[in-house]
Amino acid sequence: MSDKTAFVLGGGGSRGSYEMGVWKALRELGIDIHVVTGTSIGAVNGAMIAQGDYEKAIFLWNQIETAQVMDVPVNDEHPLKKKVWQTYQTFVLNFVKNGGTDTNPLRQTLGSFIDEERIRKSEIEYGLVTIDMDRNIPCELFREDIPCGKLIDYIIASASIYPAFKPHRIDDVRYLDGAYHDNLPVKMALEKGAGHIIAVDLEAFGVVKKEALALAKRLTYIRCYWNLGPTLVFDHTVMQRNIRLGYLDALKSFQVYEGCAFTFMRGFGNSAAEQMGGYLPLRSLLEKGSAGFVLDQLYLRQLEKIFEEHGVLEPDEGTTALVCAEVAGEVFGLSSETIYSYGIWQEQLQRQVQEFLIPEQEEKGELCFADTLYESARSLADRRSRAILAGRVIADTVRTQKEQPFPAGFSILPEAFLAGVYLAAGSFL
């Protein structure tokens, strides 16, 4: 097997900040990169990586604004939702008037940060993807395939997402964003002889060729559990969060920490499993609480889907406990940017649960029947209330050892069940 390591970077606009966090982690882990391929913003980041200028790349992401990428008048002081609305409204107007938005600001920005000569001399092989619009031909190009003096042009071509942006012209040929062909160019890296592929999928618009991923002899596939935000609005708060999440997710991918949605110190899953004890056989617990009713396959499939979303395909006690903990943490709004020890996690989750329970314990006076129905419906519309209800039913089921049917509709709420298991087992209620 080749000892070459390739860093494959997906496209996704401002979500590309996440890739900077991954790069930071790889540098700390001492992982050498021999090949870098990218599409769209992945081509921009890949150029900076091939250039070997981490500090300059981080500086770019720390100060970049929407107006430095495209000709869109967005006030960066406005709330994110308003900036998104302004941006997409401008895209529509520009497409109707001019056939797309101009990317001249991106050329000026890249001209200040990308050094073509250094990239061509770099020991890291660099490639990108774009599409010849006029002939409808995909172009998978390494630096040696790109004419001297044209590298920035081809990077812009790789990032020209039509119809939001105008096609980018190079020598009277129009080019489009490579995402329409391959938004995660693993195949290019394999063709350069890479034995280890580190692929970062931003889960944005574009084609991801799963068959190429399957061909990798050794694959480290990095994606974020959380939504990385809008792709074409460069919001500093969102981008700083994404850098942090990319850093943590990369460290988890290399087993420095545990978890998927959250980041835990090693051994967390075992500690959580020890605490949960008899609550861990989830299927038997469900069957016990179903009064002999045969659990329908849809419910089990929903549970399996949650495990898959958390990166667990073959659950054991430790990973089951981790998933239950993460679902509870998500329901009660714990931070995804913190590294948790077992004790700190328990403390912070307990605080969030108690803060939610206090108003419930301070109910005012008696309610009429109609008010009671309204309050019950309102309560069950809140995912925290559903988790607490589930936890109480589960705790009572385990404590009394009786077959007790779950409340109506509970079987379609697997998130509430998993969070409830963790709350019941940990005596949070």
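Everything numeric in this text was worked out from a predicted model, so none of it was measured.

### Regarding the confidence of the model for the protein chain
Thinking step 1. Residues at a pLDDT of 70 or more form 87% of the protein chain, whose mean pLDDT is 87.
Thinking step 2. Here residues 367–377 is modelled with pLDDT under 50, and outside its nearest four sequence neighbours on either side it reaches 2 contacts, counting other chains as well.

### Some remarks on unusual backbone geometry
Thinking step 1. Here the bond from Tyr-162 into Pro-163 is cis, since omega is 10 degrees, no more than 30 degrees from zero.
Thinking step 2. Along the chain, Pro-163 turns up in the loop between α7 (151–158) and β5 (168–170).
Thinking step 3. A positive phi angle, close to 55 degrees, is found at Ser-427, a residue other than glycine.
Thinking step 4. Its place among the elements puts Ser-427 in the segment after α18 (414–425).
Thinking step 5. A residue is classified by how much of its surface remains accessible, and Ser-427, at 59% relative accessible area, is exposed.

### Comments concerning the side chain of His-181
Thinking step 1. In this fold, His-181 is placed in the loop between β6 (173–177) and α8 (186–191).
Thinking step 2. Only 3.0 Å separates the side chain of His-181 from the side chain of Glu-140, close enough to count as a polar contact.
Thinking step 3. Not counting residues within four places of it along the chain, the set of residues in contact with His-181 comprises Val-129, Ile-131, Pro-138, Glu-140, Val-207 and Lys-209.

### Examining the packing of aromatic side chains
Thinking step 1. All chains considered together, the criterion is met by 17 aromatic pairs.
Thinking step 2. Here Tyr-340 and Trp-345 contribute two aromatic rings whose centre-to-centre distance is 4.9 Å and whose plane-to-plane angle is 85 degrees, an arrangement assigned as edge-to-face.
Thinking step 3. With a relative accessible area of 0%, Tyr-340 lands in the buried category.
Thinking step 4. Residue classification places Trp-345 among the buried residues on the basis of a relative accessible area of 0%.

### A short note on the pairing of β6
Thinking step 1. Relative to β6, strand β3 (residues 125–132) is paired through 3 bridges, and the arrangement is antiparallel. Among the inter-strand pairings, Thr-130 is bridged to a residue of β6, identified as Asp-177.
Thinking step 2. Hairpin connection from β5 to β6: 2 residues lie between these consecutive antiparallel strands, with Asp-171 at a positive phi of about 50 degrees.

### A few points about the environment of Gly-246
Thinking step 1. Residue position: Gly-246 is located in helix α10 (residues 236–253).
Thinking step 2. For the pair Gly-246 and Glu-337, spaced 91 residues apart in sequence, the C-alpha separation works out to 10.0 Å.
Thinking step 3. Dropping the residues within four chain positions of it, Gly-246 is found in contact with Tyr-18, Gly-21 and Val-22.

### Comments concerning the UniProt feature "short sequence motif: GXGXXG" (unreviewed entry) in the protein chain
Thinking step 1. In the numbering used here, UniProt assigns the "short sequence motif: GXGXXG" (unreviewed entry) feature to residues 11–16.
Thinking step 2. Structurally, residues 11–16 is divided into 0% helix and 0% strand, and its ends, taken at the C-alpha atoms, are 7 Å apart.

### Topic: the environment of Phe-417
Thinking step 1. Summarising the element assignment, Phe-417 is placed in helix α18.
Thinking step 2. Phe-417 gets classed as buried once you look at its relative accessible area, which sits at 0%.
Thinking step 3. Between the alpha carbons of Phe-417 and Cys-324 there is a distance of 8.8 Å; along the sequence they are 93 residues apart.

### As for a nonpolar patch on the surface
Thinking step 1. Taken together, Val-92, Phe-95 and Val-96 make up a surface patch of nonpolar side chains, about 300 Å² in accessible area.
Thinking step 2. Here Phe-95 shows up in helix α4 (residues 80–98).
Thinking step 3. On the basis of relative accessibility, which here comes to 37%, the residue Phe-95 falls in the partly exposed class.

### Notes on the nonpolar core
Thinking step 1. Counting residues in hydrophobic clusters, the biggest one holds 113 residues, and the most contacted among them are Phe-7, Tyr-126, Phe-332, Trp-345, Leu-349, Leu-418 and Tyr-422.
Thinking step 2. Counting contributing residues per domain, this core is built from domain 1 (5–254) and domain 2 (263–426), each supplying no fewer than three.
Thinking step 3. Contact partners of Leu-418, with chain neighbours within four places excluded, come to Leu-282, Leu-303, Ile-306, Phe-307, Val-323, Cys-324 and Val-327.
Thinking step 4. Counting 15 residues, the second-largest nonpolar core is a separate cluster that includes Val-35, Phe-142, Ile-197 and Ala-199.

### Description of the packing of helix α2 (residues 41–51) against helix α3 (residues 54–63)
Thinking step 1. Relative to each other, α2 and α3 sit at 145 degrees, their axes nearing to 9 Å. Here Ile-41, Asn-45, Met-48 and Gln-51 of α2 lie close against α3, whose contacting residues are Lys-56, Ala-57 and Trp-61.
Thinking step 2. Looking at the contact of α2 with α3, its residues break down into 4 nonpolar, 2 polar and 1 charged.

### Some details on the pattern of salt bridges
Where side chains of opposite charge bring their charged atoms close, a pairing between them can arise.
Thinking step 1. What the rule picks out here adds up to 21 salt bridges.
Thinking step 2. Residues Asp-132 and Arg-135 are paired through a salt bridge, measuring 2.8 Å at the closest nitrogen-oxygen approach.
Thinking step 3. Of the charged contacts in the structure, one is a salt bridge between Glu-144 and Lys-192, with a shortest N-O distance of 2.8 Å. A residue pair is termed long-range when its members are at least 10 positions apart, and Glu-144 in the loop between β4 (137–142) and α7 and Lys-192 in the loop between α8 and β7 (196–200) qualify at 48 residues.
Thinking step 4. Counted as one network, the salt bridges with shared partners bring together Lys-4, Glu-125, Glu-144 and Lys-192.

How each quantity is defined
Residues numbered from 1 in each chain as written. Predicted model: local features only at pLDDT ≥ 70, side-chain atom pairs only at ≥ 80, totals over all residues. Heavy atoms only, no water. pLDDT = per-residue confidence, 0-100. Contact = heavy atoms within 4.5 Å. Helix = DSSP H or I, 4+ residues; strand = E, 2+ residues; numbered from the N terminus. Buried < 20%, exposed > 50% of the residue type's maximum accessible area, 1.4 Å probe, protein only. Polar contact = N/O pair within 3.5 Å; in protein donor to acceptor, adjacent residues only side chain to side chain. Phe/Tyr/Trp six-rings, centres within 6.5 Å; stacked < 30°, edge-to-face > 60°. Pairing = 2+ DSSP bridges. UniProt positions renumbered as here; feature names shortened; annotations may be inferred. Patch = residues over 30% accessible without salt bridge, like charges linked within 9 Å, V, L, I, M, F, W, Y side chains within 5 Å. Areas by Shrake-Rupley, 256 points an atom, 1.4 Å probe, with all protein chains shown as cover. Salt bridge = Lys/Arg side-chain N within 4 Å of Asp/Glu carboxyl O. Core = buried A, V, L, I, M, F, W, Y, C linked by side-chain atoms within 4.5 Å. Domains from an automatic or database assignment. Axes fitted to C-alpha atoms, helices over the stretch in contact; angles between N-to-C directions. Nonpolar A, V, L, I, M, F, W, Y, C, P; charged D, E, K, R; others polar.

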